[in-house]
Amino acid sequence: MHSVLCWFSRDLRLADHPALYHALHSGLPVIPVYLHAQHEEAPWAPGAASRWWLHHSLSALMHDLERINSRLVIRQGDSLAQLLSLVRETGAVQVVWNRRYEPHLQQRDQQVATALQQYGVAVHQFNATVWFAPGTLCKADGEPYRVFTPFWKRCLQTGLARPCLPRPASLLAPSHWPDSLELAALDLLPRQPWDQGLKASWTPGEAGAWHRLHDFLKEPVKHYAQGRDYPAQPGTARLSAHLHFGEISPGQIHAACQPLLDQGAAHSGIESFIRELGWREFAHHILHHFPRTPQLPLYPKFADFPWADCDDPALTRWQQGQTGIPLVDAGMRELWHTGWMHNRVRMICASFLTKNLKIHWRCGARWFWDTLVDADLASNTLGWQWTAGCGADAAPFFRVFNPVLQGQRFDPKGEYVTRFVPELRTIPLKYRHQPWQYTAGSSPALLSEPALPPYPPPMVDLRHSREQVLRDWKTLGGDT
DNA sequence: TTTACGTTACT
DNA sequence: GTAACGTAA
């Protein structure tokens, strides 16, 4: 019997899902499919934290599909081989999916589409992930934007409002369901129970995404322009992982914000918030036009910068949150325990690794890739190159964040650092972001409570390492 | 989406 | 002594 395969990947939702909507309106039975093909995603297959999220998001999707008279068929192996096999098993005449924009997956999808069409199956691909399909916005001279602000102006001019497709009330089921793996067979969950902190922090899935968004729009959005800078506060939406897995779309978020946008200046926080989604958009745009940036600097002159490699033992101390710099350690421990880090703290931790420790930004990007629940190739690459100074950044200066000043400014009560670095509780507030100033001249017994491990001294001198890297920077050539 | 330093003004 | 500001990097 004829049917349509709807291939899910990073669009794990039912509402505003163009491929599913298309399948539904074909009038044919719809077979939702998830294909697990980690080897095709290499070298950027999901890390451990991402796999945890993926498991729970798939679980939520399966549940949601069951409520509309459907199922999720799970398979593992080469995507094309699995799709062809499913086509033969089900008599499907169409395969539909929403595009992924990672360069190596776009290639794969193109090959899959071509092979399916040669086999006589119709293929339809859609955009469900970003406002503008990467590659569609260019400067007047035809070159891609490399600076965020003009790119974002162009996006705003072109328009962000999108009609959101409805959630299907029910799907037409096939007369026979093809075999499916159990979700557990994908082996996405950790074997060691290190996911307590993740469980306590997140609710993967479409419902969880909307819950987050509504909580955010109730109050924090009003103060977002400033509130987003204070990592101790719930000032951000924390939607990054939900967006990465496609549990909610930028268009849906924009539509949910429309009433606030219409109110204008009273809710200026909303514009800053939408602008942050613009950075996500920009990241996809940059990755599309510069597909080698996960590995190479956007501006080639940085290829020779004397960064240390990932075998540097200092990398381990940074990963473990044992650098002796409170704000950096708090961030790295927040990442390890919750699978997420506040964006300002990401910039500070990344600056510390690439500037003060002079370790290659790729080592940091890889660690974030393995530990973030929101690990996204486009956003992660852009963020790391931006902080390392070799990527898309309009600032005409070499930026070195000072984690002491940043702490005093954005965590003035030390709430964030003591939350994740409890050893600092006994340090007076005045020294909480620079405990080495306090310990100097005082007895070691005052350093920490007996029950807590000792807090290490700073692994580098902030001032000296800053001056050193600024000297290195000066030796780089002038243009791009 | 920054920092550090010099100048100035004021205590 | 130090806060506030302008400016270079």
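**Things to note about the packing of helix H8 (residues 206-218) against helix H11 (residues 250-262)**
The interhelical angle for the contact between H8 and H11, taken along N-to-C directions, is 25°, at an axis separation of 11 Å. Considered as vectors, H8 and H11 are oriented roughly parallel to each other. In terms of crossing hand, the pair formed by H8 and H11 is right-handed. Residues Trp210, Leu213 and Leu217 of H8 lie in contact with H11, whose contacting residues are Gln252, Ile253, Ala256, Cys257 and Leu260.

**Side note on the pairing of strand E5 (residues 122-126)**
Alignment of strand E4 (residues 92-98) against E5, held across five bridges, turns out to be parallel. Considered in E5, the bridge of Val95 is made with Val123. Assessed by its sense of winding, the connection that carries the chain from E4 through helix H5 (residues 103-118) to E5 is right-handed.

**A few points about the pattern of salt bridges**
Across all of its chains, the model carries 17 salt bridges by this definition. A salt bridge links Arg167 to Glu206, with the shortest nitrogen-to-oxygen separation between them at 2.7 Å. Of this pair, Arg167 sits in the loop between helix H6 (148-158) and helix H7 (196-201) while Glu206 sits in helix H8; the two residues are 39 residues apart in sequence, bridging distant segments of the chain. Relative accessible area serves as the criterion here: at 3%, Glu206 is assigned to the buried category. For the salt bridge of Asp374 with Arg346, the shortest nitrogen-to-oxygen distance reads 2.7 Å. Placement of the pair is Asp374 in the loop between helix H16 (361-371) and helix H17 (377-388) and Arg346 in helix H15 (residues 343-356), with a sequence separation of 28 residues.

**A word on the side chain of His55**
Its location among the elements puts His55 in helix H3 (residues 48-66). Classification of His55 by relative accessible area gives buried; the value is 11%. Residues within four places of His55 in sequence aside, it is in contact with Leu183, Leu188 and Leu189.

**Topic: the sheet that holds strand E2 (residues 30-36)**
The strand order across the open sheet built from five strands is E3-E2-E1-E4-E5, with neighbouring strands paired in parallel fashion. Strands at the two margins of the open sheet, each flanked by one partner only, are strand E3 (73-76) and E5. Between one strand and the next, the sheet's axes are offset by a mean angle of 25°, whatever the strand orientation. Contacts between helix H4 (residues 79-90) and the sheet are confined to strand E1 (3-8), E2, E3 and E4, with E1 contributing the most and set at about 155° to the helix.

**Description of the protein's contact with DNA strand B**
Around DNA strand B, the structure places 14 residues, and the nearest of them are Trp279, Met347, Val400, Asn402 and Gln406. For DNA strand B, a phosphate oxygen lies 3.2 Å from a polar atom in the side chain of Arg409. Where the surface near DNA strand B is concerned, the elements lending two or more residues are H15, helix H18 (403-410) and helix H21 (462-474). Looking at the surface near DNA strand B, the element that brings in the most residues is H18, giving three residues. When its residues are assigned to classes, the surface near DNA strand B shows seven nonpolar, two polar and five charged.

**With respect to the domain arrangement of chain A**
Parsing chain A into structural domains produces domain 1 (3-129), domain 2 (130-164 + 205-289) and domain 3 (300-475). A straight line from the C-alpha centre of domain 1 to that of domain 3 covers 39 Å. Taken together, the contacts link twelve residues of domain 1 with eight residues of domain 3. When the buried surface of domain 1 facing domain 3 is broken down by residue, Trp44, Ala49 and Ser50 rank first, second and third, together holding 58% of it. Across the domain 1-domain 3 interface, the total number found is zero salt bridges. On the surface where domain 1 and domain 3 come into contact, there are four residue pairs in polar contact (both at pLDDT 80 or more). In terms of residue count, H3 provides more of the side of domain 1 that touches domain 3 than any other element does, five residues in total. Each residue belonging to the side of domain 1 that touches domain 3 can be placed in one class, and the counts come to eight nonpolar, three polar and one charged.

**Here's the deal with H3**
The terminal C-alpha atoms of H3 lie 27 Å apart, and with 19 residues this matches the ideal 27 Å at 1.5 Å per residue to within 8%. Structurally, H3 contributes buried residues whose contacts are with E1, E2, H7, H8, helix H10 (240-244) and H16.

**Let's talk about the environment of Phe8**
Within the secondary structure layout, Phe8 lies in strand E1. Once residues lying within four places of it in the same chain are set aside, the contact partners of Phe8 are Arg13, His17, Leu20, Pro32, Val33, Tyr34, Leu35, Leu61 and Leu72.

**Some words on the state of the cysteines**
Disulfides are covalent bonds that link the sulfur atoms of two cysteine residues. Inspection of the entire model under this criterion finds one disulfide. A sulfur-sulfur separation of 2.1 Å characterises the disulfide bridge that pairs Cys310 with Cys363. The S-S bond linking Cys310 to Cys363 shows a torsion near -95°; that makes this disulfide left-handed. Linking Cys310 in the loop between helix H12 (268-289) and helix H13 (313-320) with Cys363 in helix H16, this pair joins segments that are 53 residues apart in sequence. Take Cys363: its relative accessible area is 2%, and that puts it in the buried class. Residue Cys6 stays outside any disulfide, its sulfur separated by 17 Å from that of Cys164, the closest cysteine.

**Thoughts on the packing of aromatic side chains**
Evaluated as defined, the whole model comprises 26 aromatic pairs. Aromatic pair Tyr145 and Phe151: ring centres 5.9 Å apart, planes at 75°, arrangement edge-to-face. When sorted by exposure, Tyr145 lands in the same class as Phe151, which is buried. Seen from their ring centres, Phe368 and Trp384 are 5.0 Å apart, and the 75° between their planes marks the pair as edge-to-face. You can see Phe368 sitting in helix H16 and its partner Trp384 sitting in helix H17, a full 16 residues away along the chain. Judged by relative accessible area, Trp384 falls into the buried class, the value being 2%. Here Arg344 stacks its cationic end above the ring of Phe410, 4.1 Å away from the centre of that ring.

Analysis parameters
Residues numbered from 1 in each chain as written. Chains lettered and ligands numbered in written order. Predicted model: local features only at pLDDT ≥ 70, side-chain atom pairs only at ≥ 80, totals over all residues. Heavy atoms only, no water. Axes fitted to C-alpha atoms, helices over the stretch in contact; angles between N-to-C directions. Helix = DSSP H or I, 4+ residues; strand = E, 2+ residues; numbered from the N terminus. Parallel < 35°, antiparallel > 145°, perpendicular 65-115°, else oblique. Left-handed = near helix turned anticlockwise from the far one by under 90°. Contact = heavy atoms within 4.5 Å. Pairing = 2+ DSSP bridges. Right-handed = clockwise from strand over helix to strand, strands pointing away. Salt bridge = Lys/Arg side-chain N within 4 Å of Asp/Glu carboxyl O. Buried < 20%, exposed > 50% of the residue type's maximum accessible area, 1.4 Å probe, protein only. Near = heavy atom within 4 Å. Polar contact = N/O pair within 3.5 Å; in protein donor to acceptor, adjacent residues only side chain to side chain. Nonpolar A, V, L, I, M, F, W, Y, C, P; charged D, E, K, R; others polar. Domains from an automatic or database assignment. Buried area = accessible area lost by both parts, 1.4 Å probe. Expected span 1.5 Å × (residues − 1). Disulfide = S-S within 2.5 Å. Phe/Tyr/Trp six-rings, centres within 6.5 Å; stacked < 30°, edge-to-face > 60°. Lys NZ or Arg CZ within 6 Å of the ring centre and 35° of its normal.

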